[in-house]
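# Fold and contact review
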Amino acid sequence: MSKRLSGMNFDVDIFGTVIHVEKASVSISDDSAVSTTRGVPDGHTDGAVSADVEYELDTKNFKLLGEAARSAGSWRGIEPHDCMFYGNAGGEELTIEVFGVKLLLESILDVDPSSSDKTKHKVKGLVTSPDFIHIDGVPYLSKEDTRDLVG
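Conventions we followed
Residues numbered from 1 in each chain as written. Predicted model: local features only at pLDDT ≥ 70, side-chain atom pairs only at ≥ 80, totals over all residues. Heavy atoms only, no water. Helix = DSSP H or I, 4+ residues; strand = E, 2+ residues; numbered from the N terminus. Buried < 20%, exposed > 50% of the residue type's maximum accessible area, 1.4 Å probe, protein only. Contact = heavy atoms within 4.5 Å. Polar contact = N/O pair within 3.5 Å; in protein donor to acceptor, adjacent residues only side chain to side chain. Expected span 1.5 Å × (residues − 1).

You can see His121 is positioned in strand β9 (residues 120–127). The class of His121 is buried, set by a relative accessible area of 6%. Once the C-alpha coordinates of His121 and Val111 are considered, the two residues, ten residues apart in sequence, prove to be 9.6 Å apart. When sequence neighbours within four positions are dropped, the list of residues in contact with His121 reads Tyr55, Glu56, Leu57, Asp58, Thr59, Phe62, Ser107, Ile108 and Leu109. Side-chain polar atoms of His121 contact the side chain of Thr59, separated by 2.8 Å.

Between its first and last C-alpha atoms helix α1 (residues 59–72) spans 20 Å; for 14 residues at 1.5 Å apiece the expected length is 20 Å, and the two agree. For α1, every residue scored as buried is listed here: Asn61, Phe62, Leu65, Gly66 and Ala69. On the buried face of α1, the contacting elements are β1 (10–14), β2 (17–19), β6 (49–58), β8 (93–110) and β9. In the stretch just after α1, Gly73 is the one whose phi turns positive, near 95°.

In structure tokens form, the structure reads like this:
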């Protein structure tokens, strides 16, 4: 049996820096729907898409994002960035690229005085680029979806 991917196999590149995340997620919302005639399915319609990213970071790695905020003059001033999630377990590999991520601070402090866990910070990101998301180099959106938006 080959070695399988786990969260321990992933590196996350944000602003060209490999940042260790305690937890990360990428979620896509696709409002495509079934079309019907007289209540019977007869095709589909393409709907609007959106996506977001969530990073859960320890303080050391949260401060790396803080350096980007300092350079930008504020947290809200951080320009959207591209990020890449890369996992390799030897026999299994996965690359998720997310384009134009605009950071939003979500839960900047979660302290539990009865716990010995590291302090964690949650940062959310909204996907703002028509390049959207690529999975192993394959775009989620078709050329028809992004016509006149992507060169």
